[in-house]
Amino acid sequence: MKTIKAHNKKFELFIEASEISRMVDNIAEKLNHDLKGEEVIFLGILDGTFIFAADLIRKIEFDCQVTFVKMSSYKGTLTTGSVETLIGIGTGLEGKTIVIIEDIVDTGLTLERILKLVRDQKPAKILTVALLFKPDACIRDIRIDYLGREIPNEFVIGYGLDCDGFGRNLADIYKITGA
Ligand code: IMP
């Protein structure tokens with residue numbers, strides 16, 4: 001098993017780039033099928049989603065807009081339980097189909113917070129996309145419309161996901177070993 005060290009912690013290979021790519025293709029195919037003809041704005045949640053959003057959006061075949069918000073809830077490998085908005089949502093979402101792109105849904109607090117901010121702007125429809133979901137960690141009733149896959153409640157890095165800013169550059173996804 002391939003292991004690496006990032007930010008002084010040991011991680012082992014968990015999801016290879018080829019599988020990630022298949023997950024992205026699968027989500028893009030569904031979005032292309034479901035949302036053709038709608039006025040769509042993709043709303044990526046920074047920082048973790050920058051790679052996933054870039055890959056996904058390049059596979060979208062209809063005319064669309066793309067924007068980002070920046071939220072923060074994690075310190076190292078632990079969630080703080082409170083979500084801070086660092087860069088908010090602009091205006092102009094009214095009447096549009098908003099597709100929120102999240103890298104990973106853990107407690108669900110970040111997505112819940114974003115959903116509230118987006119709803120306040122009266123869009124026609126809100127859809128959620130997440131590459132990964134930890135059902136055992138989720139404490140909110142969150143609907144993910146387009147999901148890559150579920151994972152156990154373990155800390156992961158790579159493909160944009162970080163541990164205190166480290167590990168985002170890895171092409172594969174790794175999980176913490178605890179060793
Ligand atoms: P939530 O608010 O607890 O659902 O957490 C969402 C955010 O926490 C994600 O957008 C990530 O930035 C971060 N996060 C949650 N789990 C992990 C993980 O396993 N590795 C890296 N970041 C994570």
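Everything that follows concerns the structure shown earlier in this document.
The rules behind the values
- Residues numbered from 1 in each chain as written.
- Predicted model: local features only at pLDDT ≥ 70, side-chain atom pairs only at ≥ 80, totals over all residues.
- Heavy atoms only, no water.
- Near = heavy atom within 4 Å.
- Areas by Shrake-Rupley, 256 points an atom, 1.4 Å probe, with all protein chains shown as cover.
- Helix = DSSP H or I, 4+ residues; strand = E, 2+ residues; numbered from the N terminus.
- Salt bridge = Lys/Arg side-chain N within 4 Å of Asp/Glu carboxyl O.
- Buried < 20%, exposed > 50% of the residue type's maximum accessible area, 1.4 Å probe, protein only.

Attention now moves to the site of the ligand. The full set close to the ligand counts 17 residues, and Thr107, Gly108, Thr110, Lys134 and Val156 are the nearest of them. About the coverage of the ligand: the protein hides 93% of its 490 Å² of free accessible area. For the shell around the ligand, the elements supplying multiple residues, two or more each, are β4 (64-75), β6 (97-105) and α3 (109-119). Of the residues forming the shell around the ligand, the biggest block, 4 residues, is contributed by β6.

The next point concerns the pattern of salt bridges. Opposite charge on two side chains permits them to pair, given that their charged atoms come into close proximity. Scanning the entire structure with this criterion turns up 12 salt bridges. Where glutamate 19 meets arginine 149, a salt bridge forms, and the shortest distance between an N and an O atom there is 3.1 Å. Separated by 130 residues along the polypeptide, glutamate 19 in helix α1 (residues 17-35) and arginine 149 in strand β8 (residues 146-150) bring together distant segments of the chain. Of the residues examined, arginine 149 reaches a relative accessible area of 24% and is grouped as partly exposed. Residues joined in a network through salt bridges with shared partners are Asp47, Lys70, Asp162 and Arg168.

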